[in-house]
Amino acid sequence: MQISGRFTTALHMLVCMEVFKDEYKITSGFLASSINANPVIIRKILSQLKENEIIDVKRGPGGAVISRPLSEITFLDVYRAVECIEDNTLFRFHENPNPNCPVGKNIHNILDDKLLRVQQAMENELKAITLADVIGDFEACMSE
């Protein structure tokens, strides 16, 4: 399993927004240059972050800004904003297992609770890390 690059790209964008907020207008072009990505991709993620009230985007001279205190934005908030997970489930099950097969008939009964536990463990870890933690680590790296 691999989570798409949208999650880490969004985190990179948020760190840039915080680090450069007083020096530059934060635009999709500016962020794309740091990430080395297409500005269209960046604009899509900006839209998702705005829709989830993690950032504000001001047209014209404003640019993008983080809308809440860093300590109130968790990795889980960012993950849920940018990752496309259906029905809030991390694991997608193959459709229509064969009901005439003993495994196919019982696969949900034997896996669903285990997969839910894995998802909950991951979400608990994502909840435990905030953007404030990341900025603190960035500042520590810069002072070394």
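Scroll up to find the structure.
Criteria and thresholds
- Residues numbered from 1 in each chain as written.
- Predicted model: local features only at pLDDT ≥ 70, side-chain atom pairs only at ≥ 80, totals over all residues.
- Heavy atoms only, no water.
- Core = buried A, V, L, I, M, F, W, Y, C linked by side-chain atoms within 4.5 Å.
- Buried < 20%, exposed > 50% of the residue type's maximum accessible area, 1.4 Å probe, protein only.
- Helix = DSSP H or I, 4+ residues; strand = E, 2+ residues; numbered from the N terminus.
- Axes fitted to C-alpha atoms, helices over the stretch in contact; angles between N-to-C directions.
- Parallel < 35°, antiparallel > 145°, perpendicular 65-115°, else oblique.
- Contact = heavy atoms within 4.5 Å.
- Nonpolar A, V, L, I, M, F, W, Y, C, P; charged D, E, K, R; others polar.

Here we take up the nonpolar core. In this structure, Met13, Leu14, Met17, Leu31, Leu49 and Val78 are the most contacted members of the largest nonpolar core, which totals 34 residues. Elements with a minimum of two residues in this core: α1 (5-19), α2 (28-35), α3 (39-51), β2 (63-66), α4 (75-82), α5 (102-127) and α6 (131-143). Ranked by the residues each element gives to this core, the list is headed by α1, at 8 residues.

With that out of the way, let us pick up the packing of α4 against α5. For the pair α4 and α5, interaxial distance at closest approach is 6 Å and the crossing angle is 120 degrees. Of the possible angle classes, the one that applies to α4 and α5 is oblique. Packed against α4, whose contacting residues are Phe75, Leu76, Tyr79 and Arg80, the element α5 presents Met122, Glu123, Leu126 and Lys127 at the interface. Its residues assigned to classes, the contact of α4 with α5 shows 5 nonpolar, no polar and 3 charged.

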